[in-house]
Amino acid sequence: MTRRLRISEPRVTSAEAPDAKEFAALKHSGLVRLVDAEKRTNALESRFDLAYNAAHALSLAALRYAGYRSEKRYVVFQVLPQTLGVGPEVWRVLARCHDIRNRSEYEGDFYADERLVTDLIAACQAVAAALDKLPPLGGRR
Amino acid sequence: MVVSNELTYGDLFEALDEASNRLGRKVSPTIYSPKELAKRLKQGNAFVRGVLSQPKLWLIGSERDSPLENLRAAGHLRRSA
């Protein structure tokens, strides 16, 4: 399966052959965080951070699988329709959470409620499910 | 700002995608449950107060049908003229 990425800002991504070990590590990192994000005993803020970072790791895994790398965090969400074929109900939720994460990190203005965290986790699960359907990278390094 | 107990961000972004493409800009909705909205009002949240004090276009129903009426009854919001 090959998808051609069309990215309006070429500087934000660079072509780089996929690496099976890196892909597996990113996927593992995302899935571990996703499991912890689902634990309601954790604080809402922690669950948001875990789910956001899980979504980023899984989305980056998809971009690396497609043979690209990006230094801009937002881009890995923006190209999800191309890398995994998911729609706005997934990638725009993640992009929105990226904005919220930035406001929290850089301005100390954290806003997330149960609704947002629940939907972030659902979007993250959709990314994980789509990632699972990709054929194995095999011995590609 | 959307006040709902049932809608998800996924539902909303799916519905707003075409509008966002047509406008050529990001549409960033915020969903509050009536309970969360009341909490934000009590805390004096600037965004919530700003939105509620501005004119609103009701796509479905009217101000009288909205959960805002309950908030007014609870003293969290003043009736607009």
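The preceding data block contains the structure.
Note that this is a predicted model, so its numbers are computed, not measured.

Definitions and cut-offs
- Residues numbered from 1 in each chain as written.
- Chains lettered and ligands numbered in written order.
- Predicted model: local features only at pLDDT ≥ 70, side-chain atom pairs only at ≥ 80, totals over all residues.
- Heavy atoms only, no water.
- Contact = heavy atoms within 4.5 Å.
- Buried area = accessible area lost by both parts, 1.4 Å probe.
- Salt bridge = Lys/Arg side-chain N within 4 Å of Asp/Glu carboxyl O.
- Polar contact = N/O pair within 3.5 Å; in protein donor to acceptor, adjacent residues only side chain to side chain.
- Helix = DSSP H or I, 4+ residues; strand = E, 2+ residues; numbered from the N terminus.
- Buried < 20%, exposed > 50% of the residue type's maximum accessible area, 1.4 Å probe, protein only.
- Phe/Tyr/Trp six-rings, centres within 6.5 Å; stacked < 30°, edge-to-face > 60°.
- Core = buried A, V, L, I, M, F, W, Y, C linked by side-chain atoms within 4.5 Å.
- 1 Å grid on protein atoms, 1.4 Å probe; cavity = no way out; pocket = protein on both sides within 12 Å on 5 of 7 lines; lining within 4 Å.
- Points joined across faces, edges and corners; volume = space filled by probe spheres on them.
- Nonpolar A, V, L, I, M, F, W, Y, C, P; charged D, E, K, R; others polar.
- Expected span 1.5 Å × (residues − 1).
- Arc of directions from axis to C-beta.

## Some words on the interface of chain B and chain A
Between chain B and chain A, the contact holds 19 residues from the first and twelve residues from the second. Ranking the residues of chain B by area buried against chain A places Tyr9, Phe13 and Lys26 of chain B at the top, with a combined share of 40%. With a closest N to O distance of 2.8 Å, aspartate 99 of chain A and lysine 26 of chain B form a salt bridge. Where chain B meets chain A, there are five residue pairs in polar contact (both at pLDDT 80 or more). Of all elements in the fold, only helix H1 (9–23), strand E2 (31–32) and helix H2 (34–42) of chain B reach the threshold of two or more residues within the side of chain B that touches chain A. Sorting elements by how many residues they give to the side of chain B that touches chain A places H1 of chain B first, with seven residues.

## Regarding the environment of leucine 63 of chain A
Tracing the backbone through its elements, the reader meets leucine 63 of chain A in helix H2 (residues 44–65). Along the primary structure leucine 63 of chain A and valine 90 of chain A are separated by 27 residues, whereas in three dimensions their C-alpha atoms are 16 Å apart.

## Digging into the pattern of salt bridges
Evaluated as defined, the whole model comprises 14 salt bridges over all chains. Residue glutamate 36 of chain B pairs with arginine 40 of chain B through a salt bridge whose shortest N-O separation is 2.9 Å. Remark: arginine 40 of chain B and glutamate 36 of chain B occur in helix H2; sequence separation between them is four residues, near one turn of the helix. Using a relative accessible area of 14% as the deciding quantity, one classes glutamate 36 of chain B as buried. Connected through salt bridges with shared partners, the residues Glu16, Glu22, Arg64 and Arg69 of chain A form a single ionic network.

## Comments concerning the packing of aromatic side chains
Residue and element names in this part refer to chain A. Within this structure, the stated rule accounts for four aromatic pairs over all chains. Summarising the aromatic geometry, the rings of phenylalanine 48 and phenylalanine 110 are spaced 5.4 Å apart at their centres and angled 80° between planes, so their arrangement reads as edge-to-face. In this pair, phenylalanine 48 is assigned in helix H2 and phenylalanine 110 in the loop between helix H5 (88–107) and helix H6 (114–132), connecting sequence segments 62 residues apart. Using a relative accessible area of 0% as the deciding quantity, one classes phenylalanine 48 as buried. Given a relative accessible area of 24%, phenylalanine 110 falls into the partly exposed group.

## Re the nonpolar core
Counting 49 residues, the largest nonpolar core has Phe48, Leu80, Leu84, Leu94 and Leu131 of chain A as the members making the most contacts within it. Among the secondary structure elements, those contributing two or more residues to this core are helix H1 (20–37), H2, helix H3 (73–78), H5 and H6 of chain A together with H1 of chain B. Examining the composition of this core, we find that eleven residues originate from one element, H2 of chain A, more than from any other. Apart from the residues within four sequence positions on either side, leucine 94 of chain A is in contact with Ala55, Ser59, Phe77, Leu80, Leu120, Ala123, Cys124 and Val127 of chain A. Tyr32, Leu41, Val48 and Leu52 of chain B belong to the second largest nonpolar core, which has six residues in total.

## Describing empty space enclosed by the protein
Per the stated rule, a full pass over the model turns up one cavity of 30 Å³ or more. Reported here for the largest cavity is a volume of approximately 60 Å³. Around the largest cavity, the lining residues are Tyr74, Arg92, Ala95, Arg96 and Asp99 of chain A together with Phe13, Lys26, Val27 and Ser28 of chain B. Per element, the largest residue contribution to the lining of the largest cavity is four residues, and it comes from H5 of chain A. Grouping the constituent residues of the lining of the largest cavity by class yields four nonpolar, one polar and four charged.

## Points about H1 of chain A
Residue and element names in this part refer to chain A. Here H1 spans 26 Å end to end across 18 residues, near enough to the 26 Å set by a 1.5 Å rise per residue. Taken together, the buried positions of H1 are occupied by Ala20, Phe23, Leu26, Lys27, Gly30, Leu34 and Ala37. On an axial view of H1, the arc spanned by its buried residues comes to 130°, and they lie on one face. Looking at H1, the residues exposed on the side facing more than 90 degrees away from the buried face are Lys21 and His28. Structurally, H1 contributes buried residues whose contacts are with H2 and H6. One side-chain oxygen at the N-terminal end of H1 lies 2.8 Å from the backbone nitrogen of lysine 21; it belongs to aspartate 19.

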